[in-house]
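So you can see what is in the structure, the chains are spelled out below.
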Amino acid sequence: MLEVKGIENGIVIDHMKAGNGLKIFNLLFSNIEHPVVLLMNVKSDQLGKKDIIKVENTFDVDMNLLGLVDQNITVNTIKDNMLVDKKKVEIPKTLTGGIKCQNPRCITHSDDYAIPTFTLLKSNGKLEYECNYCEEITVYKL
Ligand SMILES: [Zn+2]
């Protein structure tokens, strides 16, 4: 088993399905300035294989974006080597960014100030989000 030093103060994003770690890394951590490790294909009783991300710094992670990509995720907060908080993500009811509106004429594609926001309509094997600007439905497959 690959050994990675524990973190003193930071965030551990655990129980990502194998393959989702890289997606989440690119979505949330590609510009981060703190030490970060992405562990892929770690053995897991629950999932068979899982991915883990550890970030050496505490901050508010976007729980909505995590919940969009993978509903299994737990976010652990470590302070002074102690687990102080453990949160499970949920399918986000509203979303800011993370997906693009399917309507090619939507203002969010042409106006930099129009940040795409969405409201969840249905979650049944796939997620259906309604654009708050043009009301077009965008589907996110799980
Ligand atoms: Zn739109």
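Keep in mind the model is a prediction, meaning the values are calculated, not measured.

Draft legend 1. Here's a closer look at the overall build of the protein. Within the protein, the secondary structure is distributed over three helices and nine strands. Each helix and strand of the protein, ordered N terminal to C terminal, gives the series β-α-β-β-α-β-β-β-α-β-β-β. Here the C-alpha coordinates of the protein stretch approximately 50 × 30 × 25 Å along the principal axes. Classification of the 142 residues of the protein by burial places 21% in the buried group.

Draft legend 2. Just the pairing of strand β7 (residues 117-123), in detail. Relative to β7, strand β6 (residues 94-96) runs antiparallel, the two sharing three bridges. Paired with Thr-96 across the strands is Thr-117, a residue of β7. Where β7 lies against strand β8 (residues 126-131), five bridges are found, and the strand directions are antiparallel. Counterpart to Phe-118 in the pairing with β8 is Cys-131. Between β7 and β8, which follow one another and run antiparallel, lie two residues, and Gly-125 among them has a positive phi close to 80 degrees.

Draft legend 3. How the structure looks around the nonpolar core. Counting 18 residues, the largest nonpolar core has Ile-13, Ile-24, Leu-66 and Ile-73 as its most contacted members. For this core, the secondary structure elements donating two or more residues are β1 (10-17), β3 (48-55), α2 (63-69) and β8. A domain split of this core shows at least three residues from each of domain 1 (10-88) and domain 2 (94-141). Ile-24 has contacts with Ile-13, Met-16, Ile-53, Leu-66 and Val-69, leaving out every residue within four places of it along the chain.

Draft legend 4. Unusual backbone geometry, seen in detail. If you check the backbone angles, His-15 has positive phi at about 65 degrees while not being a glycine. With respect to the helices and strands, His-15 occurs in strand β1. Of note, the phi angle at Asp-80 is positive, near 45 degrees, even though the residue is not glycine. Here Asp-80 shows up in the loop between β4 (74-79) and β5 (82-88). Residue Asp-80 is classed as exposed on the basis of its C-beta count, with 7 C-beta atoms lying within 10 Å.

Draft legend 5. Focus on the domain arrangement of the protein. Segmenting the protein into domains produces domain 1 (10-88) and domain 2 (94-141). Here the C-alpha centre of domain 2 lies 25 Å away from the C-alpha centre of domain 1.

Parameters and conventions
- Residues numbered from 1 in each chain as written.
- Predicted model: local features only at pLDDT ≥ 70, side-chain atom pairs only at ≥ 80, totals over all residues.
- Helix = DSSP H or I, 4+ residues; strand = E, 2+ residues; numbered from the N terminus.
- Buried ≥ 20, exposed ≤ 12 C-beta atoms within 10 Å, placed from the backbone.
- Pairing = 2+ DSSP bridges.
- Core = buried A, V, L, I, M, F, W, Y, C linked by C-beta atoms within 7 Å.
- Domains from an automatic or database assignment.
- Contact = placed C-beta atoms within 7 Å.

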